[in-house]
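# Observations on chain architecture
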Amino acid sequence: MKKETLKLTGAWADVFGEPERIGVWFIWGNSGNGKSSFVMQLCKELAKFGRVAYDSLEEGASLTMQNTLRRFNMAEVNRRFQLLDCEPMSELGERMDKHKSPDFYVIDSFQYTQMSYKEYIKFKEAHRNKLLIFISHADGRNPDGRSAKKVMYDAALKIYVEGFRAFSKGRFFGSVGHFTIWDEGAVRYWGDNA
C-alpha cells in the first residue's frame, strides 16, 4: 500500500524527513520554551499541503493568540488556516466529518480536551483520514498526565520542545533531528556549539 506523505523541504525535511499525511502527531514542552511559536511555524508549513484548522481550546481567540497570529504573519495563509475559538471536541469531530473539511487539525491542548486514552482512541479511529496534532503541557521532560503520556507513545511523530528547539522523537527523522524555532534563544539556551 502506497502511503501519502508530506514532501517537506528545507529545515522541515532536515528534522522530520517525509512523514505520513494522516495519523497523529504529539507536541509537548514546558511553558516559555517556544512551543506556540513552533506550532505556528508548523501550521504555516502545513498550509502549503492543505487546509489547517487550529482548535485553540486553551487560549481561544484571546489577545495573546491574536498577537501570535500577527507575529507569524498567518494572514499570508488565511485561506488555508482557520482559528477555532474553543470548539468542543464533539463539534470538532462533526466538522471533520463534513465534506471538504480541513486536512490538518491542531488541538491545543490535550489537557483541555479532558479526554481519557480510551476516548482519544475512539476519536482517532473515527478520523483516520486526517492528521491530528495534539499539543500538550509537560511535567519535566514528559507529557503531563497519564493519558497524555499514552497518546505520546501512540503518536507517529513525537515532537519535544525545549530551549527554542523542536526535537523529533517519533518514527520520522531527517538528517538533523531538530528544528530551531528562534536562533538567538536557542544559542542562549544550548550554547554556541549546540
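This section reports on the structure supplied with the text. (Residues numbered from 1 in each chain as written. Predicted model: local features only at pLDDT ≥ 70, side-chain atom pairs only at ≥ 80, totals over all residues. Heavy atoms only, no water.)

## Examining the packing of aromatic side chains
The geometry of an aromatic ring pair comes down to the distance between the two centres and the angle between the two planes. What counts, and what does not: To pair, rings of Phe, Tyr and Trp, with the six-membered ring standing in for Trp, must have centres within 6.5 Å; the planes then decide the type, stacked if under 30 degrees apart, edge-to-face if over 60, and tilted in the middle. Secondary structure is summarised from DSSP: a helix means a run of H or I of at least four residues, a strand means a run of E of at least two, and numbering begins at the N terminus for each. Partly exposed residues are those whose accessible area sits between 20% and 50% of the maximum for their type, while under 20% is buried and over 50% is exposed, using a 1.4 Å probe and protein chains only.
Applying the stated criterion across every chain yields a total of 14 aromatic pairs. Ring centres 5.7 Å apart and planes at 65 degrees place the aromatic pair Phe 38 and Phe 179 in the edge-to-face group. Of the two residues, Phe 38 is situated in helix H2 (residues 35–46) and Phe 179 in strand E10 (residues 178–180); the sequence distance between them amounts to 141 residues. Judged by its relative accessible area of 6%, Phe 179 falls in the buried class. With a centroid separation of 5.7 Å and 75 degrees between ring planes, the pair formed by Tyr 120 and Phe 134 is classed as edge-to-face. With Tyr 120 in helix H6 (residues 117–126) and Phe 134 in strand E5 (residues 131–136), the pair connects residues that are 14 residues apart, well separated along the chain. Residue classification places Tyr 120 among the buried positions, given a relative accessible area of 0%. Assessed through its relative accessible area of 0%, Phe 134 is described here as buried.

## Let's talk about helix H7 (residues 146–154)
Think of an α-helix as 3.6 residues a turn; residues three or four steps apart then line up on the same face. Put simply, the rule reads: It is the directions from the helix axis to the C-beta atoms that the arc portrays. Any pair of residues with heavy atoms lying within 4.5 Å of one another is described as a contacting pair.
When H7 is considered as a whole, its buried residues turn out to be Ala 148, Val 151 and Met 152. With its buried residues spanning 105 degrees around the axis, H7 presents them on a single face. Residues Arg 146 and Tyr 153 are exposed on H7 and point more than 90 degrees away from its buried face. Against the buried residues of H7 lie strand E1 (23–29), helix H5 (110–113), H6, E5, strand E7 (142–143) and strand E8 (157–162).

## Digging into the sheet that holds E10
Rules: Following DSSP output, two strands are said to pair if at least two bridges run between them. Axis lines are fitted through C-alpha atoms, for helices just across the contact stretch, and the angle between N-to-C directions can take any value from 0 to 180 degrees.
Taken together, the eight strands give an open sheet; going across it, the order is E3-E2-E4-E5-E1-E8-E9-E10, and neighbouring strands pair in mixed fashion. One side of each edge strand has no neighbouring strand; the edge strands of this open sheet are strand E3 (81–85) and E10. Recorded for the sheet is a direction-independent mean angle of 20 degrees between the axes of neighbouring strands. Contacts from helix H4 (residues 89–97) reach strand E2 (52–56), E3, strand E4 (104–108) and E5, with the element oriented near 175 degrees to E4. Along the sheet, H7 makes contact with E1, E5 and E8, crossing E1 at roughly 130 degrees.

## Section: helix H3 (residues 63–71)
Among the residues of H3, Met 65, Thr 68 and Leu 69 are the ones counted as buried. One side of H3 holds all its buried residues, which, seen down the axis, span an arc of 100 degrees. In H3, the exposed positions that point more than 90 degrees away from the buried face belong to Leu 63, Arg 70 and Arg 71. Looking at the packing, one finds that the buried side of H3 touches H2, E2 and E3. The positive-phi residue at the C-terminal boundary of H3 is Asn 73, with phi of around 45 degrees.

## Side note on the pattern of salt bridges
Where side chains of opposite charge bring their charged atoms close, a pairing between them can arise. To be explicit about the condition: Any carboxyl oxygen of Asp or Glu within 4 Å of a side-chain nitrogen of Lys or Arg constitutes a salt bridge here.
One pass over the full model with this rule turns up 10 salt bridges. When the shortest N-O distance is used, the salt bridge between Asp 103 and Arg 21 registers 3.9 Å. With Asp 103 in the loop between H4 and E4 and Arg 21 in the loop between helix H1 (10–16) and E1, the pair connects residues that are 82 residues apart, well separated along the chain. Here Asp 103 falls in the partly exposed class, since its relative accessible area comes to 27%. Measuring nitrogen to oxygen at the nearest pair gives 2.8 Å for the salt bridge that ties Lys 44 to Glu 76. Of this pair, Lys 44 sits in helix H2 while Glu 76 is found in the loop between H3 and E3, placing the two residues 32 residues apart along the sequence. According to the relative accessible area criterion, Glu 76 is exposed, its value standing at 56%. One connected set of salt bridges, linked through shared partners, spans Lys 124, Glu 125, Arg 128 and Asp 154.

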